[in-house]
Amino acid sequence: MSDPPLQGSPAIGAAGLVPAAPGAGGTEGSGAAGGSARIAVKKAQLRSSPRPKKLEKLGVYSSCKAEGACKCNGWKSQNPPPTPPQTDQQSNAVNLQEPCRSCSHTLGDHVTHLENVSEEEMNRLLGIVLDVEYLYTCVHKEEDADTKQVYFSLFKLLRKSILQMGKPMLEAQESPPFEKPSIEQGVNNFVQYKFSHLPSKERQTIMELAKMFLNQINYWQLETPSQRRQRVPNDDAAGYKANYTRWLCYCNVPQFCDSLPRYETTQIFGRTLLRSVFTVMRKQLLEQARQEKDKLPPEKRTLILTHFPKFLSMLEEEVYSHSSPIWSQDFLAGYLPLYPYVLLVGEKRKPTEPLHHEENKRPRVVGDIPMDLINEVMATITDPAAIPETSLLSAHSARDEAARLEERRGVIEFHVIGNSLNQKPNKRILMWLVGLQNVFSHQLPRMPKEYITRLVFDPKHKTLSLIKDGRVIGGICFRMFPSQGFTEIVFCAVTSNEQVKGYGTHLMNHLKEYHIKHEILNFLTYADEYAIGYFKKQGFSKDIKVPKAKYVGYIKDYEGATLMGCELNPSIPYTEFSVIIKKQKEIIKKLIERKQAQIRKVYPGLSCFKDGVRQIPIESIPGIRETGWKPVGKGKELKDPDQLYSTLKTILQHVKSHQNAWPFMEPVKKTEAPGYYQVIRFPMDLKTMSERLKSRYYTTRKLFMADMQRIFTNCREYNPPESEYYKCANLLEKFFYTKIKEAGLIEK
């Protein structure tokens, strides 16, 4: 299939992946976007033309209305415009009395039905006209018969819409969506099925991979039915052709012909289409990512080269499996993950799946708690009555506990409201907006009242209002910038006689959940010296995660205030967060009690020192091994500090010069490894070790060996076994112990 005109060559996609060549199945990169942008520019130019010029354009596609039942279906100028058209053609005067080259009736006879048409309706028809002209070009340039037929059908549909002054309606036996669950829902189910147990940072990484994958499908160029027949002769040709036709009509062509309704591929197609493209798509994406890895931005490199292949492999199993639960429409209602996979921190398998020999040899991550013990402890606290209640005045009660209880009892309510210029005013909402304006004006005396009123009633701003006994007692006014990925918090206040009740915290938690539903995960605000403390308690900091280029020129700048930001975690139910923490504390408490019960054995004191013994082996102390103590390995300890320094320096230089030392030369950057410092509590690297050696920190070989071992352990804990980093750690560790043995620091 040849590219539609104006689409051009694909470019690197939004996820940083290099698309395949269109026609063989690939990503529609900036070509389609560039084509639609050029058409949009043409439409804007035409819509800004004088009305006579618009009538001339529409007359070409309007049937003659002259008396005598003229059969002419479009006015044709006596002097056709040159090809290519001249740049000053737009300024030529339009004569409504100019006769048609075909029927000799005037241009005015062809456009009499447009005399009383509004400017808005005329602009809509002009948009369809340009789409018709573009599809006409596509029909003539397209070489594939199936695609050409679809283009021609859409051309006739739009042509008919102009003649009848109607809206284009695709006539089909089925309308979107064509399969349930959709690809988008299936991938979301997959994330829930496999990764719902992960810590927030790791789960955020998985969600980013899922969005990246869905984005690639939405801009993927399907291969034509004829190309697919050649590649997969035994496939369901009729089923694929039907989906291909639907994809052209509802997803592909509407990208550059916006008079047609457009749908995302991932929202109207399901497992059938995904199966037909997944294998080729996965192969091409990974191959091109490897070829172009040096062009990838640093913050995407680890994500795409390390985590994305593993993500696609696991998803592929579910796509082609006949028994995968993620494609069930009742998935969320019927599925509870009991023993899910771990992708980033050591891979676990379901109990029903056999472990491979290599996996049996893998060491258990230090600190893991057996699942049977967790389930046993959970069973003892599933009853809320088993968790001790705290007084609302207790130091251990959450800030929002009182507000949460009031909301459950119906004492307070939360509503997101705003002014609208399109809908009929709602008296109650207008009263609440006036109440919010009063609260903000009273609690923020340094803000001009006119400024507060303008923003509260601005249709672009919304306010999360706190209602008690039918009146407003607080709220947060904000403006969302979905295209930039953040929301600006403008005003935040609770009336003075209702403060110190946890309303402010509960307000912010509701706002966070509202934005997670709308997929905006960053807050920005300018806080004065009185508000900084409140925002810090709500998770805001001066460390802004949003790139400066994203918010400069969008957010309002306040003199004397501090810019603060908050990054939301979509896996946290913020309004119930304190309850969850409370339950987690209870679990930890139970686990500690069980552990203490196991080792709470009192041994008699040591009496040997009374008999003159000066020293005993540690392992001979009764009960010492039960606490988890283990003896360290034996080796030669250099007593001369200079000799130790020289030996360790030589070993460190050898390690740093090794070909597999490159991942460990400097501290891990947060941008390159999402959530690394939440997983790895004690990071270490060769640069830090060099600085410690220089400062004579390593007074024993054991300190040096412990830091080096930590580098390898951290790497294996964070990265999957098939990753390049994991392999580098194993090879470098083997080399390190070879050098240690050669230096005589441990026994050979």
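Quick notes on the rules
Residues numbered from 1 in each chain as written. Predicted model: local features only at pLDDT ≥ 70, side-chain atom pairs only at ≥ 80, totals over all residues. Heavy atoms only, no water. Salt bridge = Lys/Arg side-chain N within 4 Å of Asp/Glu carboxyl O. Helix = DSSP H or I, 4+ residues; strand = E, 2+ residues; numbered from the N terminus. Buried < 20%, exposed > 50% of the residue type's maximum accessible area, 1.4 Å probe, protein only. Patch = residues over 30% accessible without salt bridge, like charges linked within 9 Å, V, L, I, M, F, W, Y side chains within 5 Å. Areas by Shrake-Rupley, 256 points an atom, 1.4 Å probe, with all protein chains shown as cover. Pairing = 2+ DSSP bridges. Right-handed = clockwise from strand over helix to strand, strands pointing away. Core = buried A, V, L, I, M, F, W, Y, C linked by side-chain atoms within 4.5 Å. Contact = heavy atoms within 4.5 Å. Disulfide = S-S within 2.5 Å.

(A) Representation of the pattern of salt bridges in the model. The full count for this structure, using the stated rule, is 20 salt bridges. Of the charged contacts in the structure, one is a salt bridge between Arg692 and Asp707, with a shortest N-O distance of 2.7 Å. Of this pair, Arg692 sits in helix α25 (residues 686-694) while Asp707 sits in helix α26 (residues 701-718); the two residues are 15 residues apart in sequence, bridging distant segments of the chain. For Arg692, a relative accessible area of 26% gives the class partly exposed. Given a relative accessible area of 4%, Asp707 falls into the buried group. Among the ionic contacts, a cluster of salt bridges with common partners joins Lys468, Arg471, Glu498 and Lys501.

(B) Molecular detail of a nonpolar patch on the surface. A surface patch of nonpolar side chains, amounting to about 240 Å² of accessible area, comprises Leu606, Phe609 and Val613. Here Phe609 is to be found in the loop between α22 (577-599) and α23 (641-657). Residue class for Phe609 comes out partly exposed when judged on its relative accessible area of 42%.

(C) Spatial organisation of the pairing of strand β7 (residues 522-527). Of all six residues making up β7, five are buried, and the element is well covered by its neighbours. Of the pairings in the sheet, the one linking strand β6 (residues 486-494) to β7 comprises three bridges and is parallel in character. Bridge pairing links Ile489 to Thr525 in β7. Assessed by its sense of winding, the connection that carries the chain from β6 through helix α19 (residues 503-517) to β7 is right-handed. Relative to strand β8 (residues 562-567), β7 runs antiparallel, the two being bridged by six bridges.

(D) How the structure looks around the nonpolar core. With 83 residues, the main nonpolar core has Phe213, Phe308 and Phe311 as its most contacted residues. Counting residues per element, this core draws most heavily on helix α4 (residues 119-141), which supplies 11 residues. Dropping the residues within four chain positions of it, Phe311 is found in contact with Phe190, Phe195, Ile206, Leu209, Ala210 and Phe213. Formed by 30 residues, the second largest nonpolar core is a distinct cluster that contains Met508, Leu521, Ala531 and Cys566.

(E) Summary view of the state of the cysteines. Applying the stated rule across the entire model yields zero disulfides. Cys64 takes part in no disulfide bond, and the closest cysteine sulfur, belonging to Cys70, lies 3.8 Å away. Free cysteine: Cys728, not disulfide-bonded; nearest cysteine sulfur from Cys715 at 7.6 Å.

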